[in-house]
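# Chains, contacts and geometry: an overview
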Amino acid sequence: MKELVVISGKGGTGKTSILAAFAALADRCVTADCDVDAADLHLVLDPRVKRTESFSGGVVARIDPARCTGCGRCEELCRFDAVSALGETNAAAAGGGTPGGAAAATRYAIDEIACEGCAVCAYFCPAEAIDLVEETAGDWFVSDARFGPMVHARLRPGGENSGKLVSLVRREARRIADEEGIDMVLVDGSPGIGCPVIASITGADFVLVVTEPTLSGIHDLGRVIELARHFDVPAMVAVNKYDINMDAAAEIEEFASKNGVPVAGRIRYDAAVTAAQIAGRSVVEIGDGPAAEDVRRVWNRVKYVIEQEEH
Amino acid sequence: MRIAIASGKGGTGKTTIATNLAAVAAAAGRRSTYVDCDVEEPNGHIFLKPEIDRSEPVTMLMPVVDEALCTACGECGRICRFKAITLILDRVLTFHELCHACGGCALVCPVRAITERPREVGVLESGTARTAGGAEVGFLHGTLNVKEAMAPPVIRAVKREIPADGLVIVDAPPGASCSMVESVRGADRVILVTEPTPFGLNDLAIAVETVRTMGFEPGVVVNRDGAGDDRVDRWCDEKGIGILARIPDDRTVAEAYSRGELPVDAVPGFRARIEALLAVLDETGSAPGAAPGDDRTSDAEVTE
Ligand code: SF4
Ligand code: SF4
């Protein structure tokens, strides 16, 4: 079984459209959408959800207002600016007012989105007023999709720990492939170079970097290649919309080969890509325009290289 | 006024809107600063071409254990939620890639065997860019070192340098998780850039939900208008979200972008669109929910 991860230095380069076309061209495959921040693959592959599981990103701290004495130790200790004072409240309400009501205590609250769940505040809270609660960061699903099983996920807004969720989705996709004897896992990776993309590529067999012929594309490609090399995953590059700027496209190809990364091919700018999206299909399914033709060629190349790896 | 430009996914034109807005405001004689919080892939400098006059490392505090003092009590490992420090046999091991720099281990160690020392995780740079007409745009960005997993500390370092006055345009990273949230926090207004396609709408819906959870009422800019269909329009209408501007689909914009040029300088008619967007933002002020068509704007129209 081989696992191919399609990534890009940044989003919007056409990574998902290309992966969906690969899924259509593969005989049978398991797909995994690891772009958990902005999962889009389901819009093309029509998954029917068979199993839903919730995903816990970790814990967040919560202050029990009944126990909080307003000492402010948590605010002092929190390095993530997650604790803030709620404003003055009546000292009596906070549990220890003086007769004239002159002394006022400040109550505190924790912004769950900013909280890293380090638990330092809870550990040192003298009133033991802080609890750590499991945070549901999102859900993940196992589905039947148009070209085989699909594993995908949905992160709650601001949900933490997408790297962990990415690893989980990939692991599940490989498990299903093993179980059903499917020899290809196609992963829509995350953009960027941070934790989600690191989780997307570690241990994969092969990475295809989709890039655009722009100055920022060249800039980002360098960083992605360095990352793939660091994690020891063989990479190839495909230049999408390459005719937008032929000079930049040539520069990218030169840069890639100089860095020992083969070029899997070029894909022409084609309005059919957007048209396919609107039809909820991949570009190879709606006709034989320039992009469809190019994506087929890239797929054959990538497939060939991956199969070579085996021997 | 601090305006954050965000989007559910990358490649929708966030950086294009952000850099051009900052340049257009500066050209109009305003103090304007562009802040690139997309520290994983900062691209704004490619278009603004700033002169960098300050560069400094962004560090995180990492625990260092003095083995001579350590009694192997294991307290540090118990408080650490990230398994970044742990007692193995009678030795304390630290795993810096896992450390969030919360400082708990140093605080909890009964014999003060742990000190915290800075480790570089990225770079912060600032400087000045100049528009084609010679106006100055303040420039600020951070770059996460490759192989580092945690972007928020670098984003926080960038945000600490944001000037208090003038127009500040924050270019947020795409997505809806920690990095985007950290970049948007503290803004007066949030603009979400999207495309009129199913992918565009799907990602917009996630981004809207995220920023609404944070208490913002976003405005939308539709980029590549005309390339898809009207589903984004219908959805925004249904959800009561104002469309602040539309940038028509135009291959010459993509071409200018590919060459690292600002479309306001390179594409006829583009400047007028960005100026109109800036005017809409000024008109609706810094009130988070204010968008054209809401009460505030209609009042203004009545009094004029
Ligand atoms: S758990 Fe950590 S990050 Fe969360 S509020 Fe407490 S000290 Fe701050
Ligand atoms: S808390 Fe201090 S003494 Fe105890 S194991 Fe950790 S470093 Fe050593």
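Going by the structure above, here's the rest.
Counting restarts for each chain, with residues numbered from 1 along the sequence as it is written. Chain A is the first chain written and ligand 1 is the first ligand written, with later ones labelled in order. Predicted model: local features are reported for residues with pLDDT of at least 70 only, side-chain atom pairs are reported and counted for 80 or more only, and whole-chain, interface and lining totals are derived from all residues. As a convention, hydrogens and water are excluded, and side-chain values are obtained from all of the structure's heavy atoms.

## Structural notes on the packing of aromatic side chains
Cut-off, in case you're wondering: For this analysis, a ring pair means two rings from Phe, Tyr or Trp (six-membered ring only for Trp) whose centres lie within 6.5 Å, classed as stacked if their planes differ by under 30 degrees, edge-to-face if by over 60, and tilted for the remaining angles. In this scheme, Lys NZ or Arg CZ marks a charge over a ring once it lies within 6 Å of the ring centre and within 35 degrees of the ring normal.
By the definition in use, this model includes four aromatic pairs over all chains. With 5.1 Å between their ring centres and 55 degrees between their planes, Tyr123 of chain A and Phe124 of chain A make a pair best called tilted. Against the face of Tyr269 of chain A rests Arg251 of chain B, its NZ or CZ located 4.8 Å from the ring centre.

## Quick look at the nonpolar core
Quick reminder of the rule: Among buried residues, those of type Ala, Val, Leu, Ile, Met, Phe, Trp, Tyr and Cys that are joined through side-chain atoms within 4.5 Å constitute a nonpolar core. In this scheme, a residue with accessible area under 20% of its type's maximum is buried, one over 50% is exposed, and one in between is partly exposed, where area comes from a 1.4 Å probe on protein chains only. Here a strand is any run of E in DSSP of at least two residues, a helix any run of H or I of at least four, and the numbering for each starts at the N terminus.
Ranked by internal contacts, the top residues of the largest apolar core, which has 75 residues, are Ile110 and Ile130 of chain A. For this core, the element with the highest residue contribution is helix H7 (residues 198-213) of chain B, accounting for five residues. The next biggest cluster of nonpolar side chains, apart from the first, holds 46 residues, and it includes Val166, Val209, Val233 and Ile252 of chain A.

## A few points about the sheet that holds strand E1 (residues 2-6) of chain B
Each strand in a sheet pairs with its neighbour through backbone hydrogen bonds, running either in the same direction (parallel) or in the opposite one (antiparallel). Residues and elements named next belong to chain B. As a reminder, the rule being used: Following DSSP output, two strands are said to pair if at least two bridges run between them. Axes here refer to lines fitted to C-alpha atoms; in helices the fit is confined to the stretch in contact. Angles between the N-to-C directions go from 0 to 180 degrees. In what follows, a contact means two residues having at least one pair of non-hydrogen atoms within 4.5 Å.
Across the sheet, which stays open at both edges, the nine strands sit in the order E3-E6-E7-E2-E8-E1-E9-E10-E11 with mixed pairing between neighbours. Looking at the sheet topology across the chains shown, the edges are occupied by strand E3 (51-65) and strand E11 (243-248). Shown here is a sheet whose adjacent strand axes are inclined to one another by a mean of 20 degrees, direction ignored. Note: strand E6 (residues 114-130) against strand E7 (residues 136-144), nine bridges, orientation antiparallel. Bridge pairing in E7 places Val123 opposite Thr143. Packing of helix H5 (residues 152-160) onto the sheet brings it into contact with E1, strand E2 (32-36), E3, E6 and E7, and relative to E7 it is tilted by some 160 degrees.

## A closer look at the state of the cysteines
All names here are of chain A. Quick note on the threshold: Disulfide: a pair of cysteine sulfur atoms within 2.5 Å of each other.
For the structure on display, the rule yields zero disulfides over all chains. Of the cysteine sulfurs around Cys68, a residue in no disulfide, the closest is that of Cys74, at 6.4 Å. By relative accessible area, which is 9% here, Cys68 ends up buried.

## Things to note about the pattern of salt bridges
Put simply, the rule is: Salt bridge, as applied in this entry: a Lys or Arg side-chain nitrogen positioned within 4 Å of an Asp or Glu carboxyl oxygen.
Within the structure shown, the criterion is met by 50 salt bridges over all chains. In this structure, the salt-bridge partner of Arg51 of chain A is Glu172 of chain A, at a minimum N-O distance of 3.3 Å. One end of the pair, Arg51 of chain A, is in strand E3 (residues 48-63); the other, Glu172 of chain A, is in helix H6 (residues 162-180), with 121 residues separating them in the sequence. You can call Arg51 of chain A partly exposed: its relative accessible area is 33%. Exposure remark for Glu172 of chain A: the relative accessible area of 10% places this residue in the buried category. For Arg246 of chain B, the salt bridge is made with Asp225 of chain B, and the minimal N-O distance between the two is 3.8 Å. Here Asp225 of chain B lies in strand E10 (residues 219-225) and Arg246 of chain B lies in strand E11, a separation of 21 residues in the sequence. Classification of Asp225 of chain B by relative accessible area gives partly exposed; the value is 25%.

## Points about the packing of helix H1 (residues 14-27) of chain B against helix H11 (residues 270-284) of chain B
All names here are of chain B. The criterion, for reference: Here the angle decides the label: under 35 degrees means roughly parallel, over 145 means roughly antiparallel, 65 to 115 means roughly perpendicular, and every other value means oblique. When residue character is reported, Ala, Val, Leu, Ile, Met, Phe, Trp, Tyr, Cys and Pro are called nonpolar, Asp, Glu, Lys and Arg charged, and the others, Gly included, polar.
Taken N-terminus to C-terminus, the directions of H1 and H11 make an angle of 80 degrees; their axes are 9 Å apart at the nearest point. Here H1 is positioned roughly perpendicular relative to H11, judged by the angle of their axes. Contacts between H1 and H11 involve Thr16, Ile17, Asn20, Leu21, Val24, Ala25 and Ala27 from the first element and Phe270, Arg271, Ile274, Glu275, Leu277, Leu278 and Leu281 from the second. Residues of the contact of H1 with H11, tallied by class, amount to 10 nonpolar, two polar and two charged.

## Some details on the interface of chain A and chain B
Spelled out, the test is: Two parts placed together each lose some accessible area under a 1.4 Å probe, and the buried area is that loss summed for both. Polar contacts, as used here, are pairs of N or O atoms within 3.5 Å; protein pairs need one atom able to donate a hydrogen and one able to accept it. Residues neighboring in sequence count only if both atoms are side-chain atoms.
Of the residues lining the interface, 60 residues belong to chain A; the matching set on chain B comes to 63 residues. Contact between chain A and chain B buries roughly 5,200 Å² in total, counting both sides, with carbon and sulfur atoms accounting for 56%. If you sort the residues of chain A by the area they bury against chain B, Asp37, Arg79 and Arg223 of chain A come out on top, with a joint share of 12%. Viewed at the interface, chain B and chain A are joined by four salt bridges. A salt bridge links Asp111 of chain A to Arg185 of chain B; its shortest N-O distance comes to 3.9 Å. Run the count over chain A and chain B and you get 15 residue pairs in polar contact (both at pLDDT 80 or more). Listed by contribution, the elements that provide at least two residues to the side of chain A that touches chain B are helix H1 (15-25), helix H2 (42-45), helix H5 (120-124), strand E7 (148-155), helix H7 (195-201), helix H8 (215-230) and helix H10 (272-279) of chain A. Tallying contributions element by element places H8 of chain A first for the side of chain A that touches chain B, with nine residues. Tallied by class, the residues present in the side of chain A that touches chain B amount to 28 nonpolar, 19 polar and 13 charged.

## Topic: unusual backbone geometry
Backbone geometry at Asp46 of chain A places phi at a positive 45 degrees, although glycine is not the residue there. In this structure, Asp46 of chain A sits in the loop between H2 and E3. At Leu89 of chain B, a position not held by glycine, the phi torsion is positive, near 55 degrees. In this fold, Leu89 of chain B is placed in the loop between strand E4 (85-88) and strand E5 (91-94). The class for Leu89 of chain B is exposed, based on a relative accessible area of 80%.

## So, helix H9 (residues 251-258) of chain B
Taken together, the buried positions of H9 of chain B are Val253, Ala256, Tyr257 and Ser258 of chain B. On its buried face, H9 of chain B is in contact with H8 of chain A together with H1, helix H2 (44-48), helix H10 (263-266) and H11 of chain B. One or two positions beyond H9 of chain B, positive phi appears at Gly260 of chain B, with a value near 75 degrees.

## A word on the site of ligand 1
Note the threshold: Whether a residue is near a molecule or strand is decided by its heavy atoms; if any one of them lies within 4 Å of it, the residue is near.
The local shell around ligand 1 consists of Ala61, Cys78, Phe80, Ala82, Val83, Ile110, Cys115, Glu116, Gly117, Cys118, Ala119 and Cys121 of chain A. Considered class by class, the residues forming the shell around ligand 1 number 10 nonpolar, one polar and one charged.

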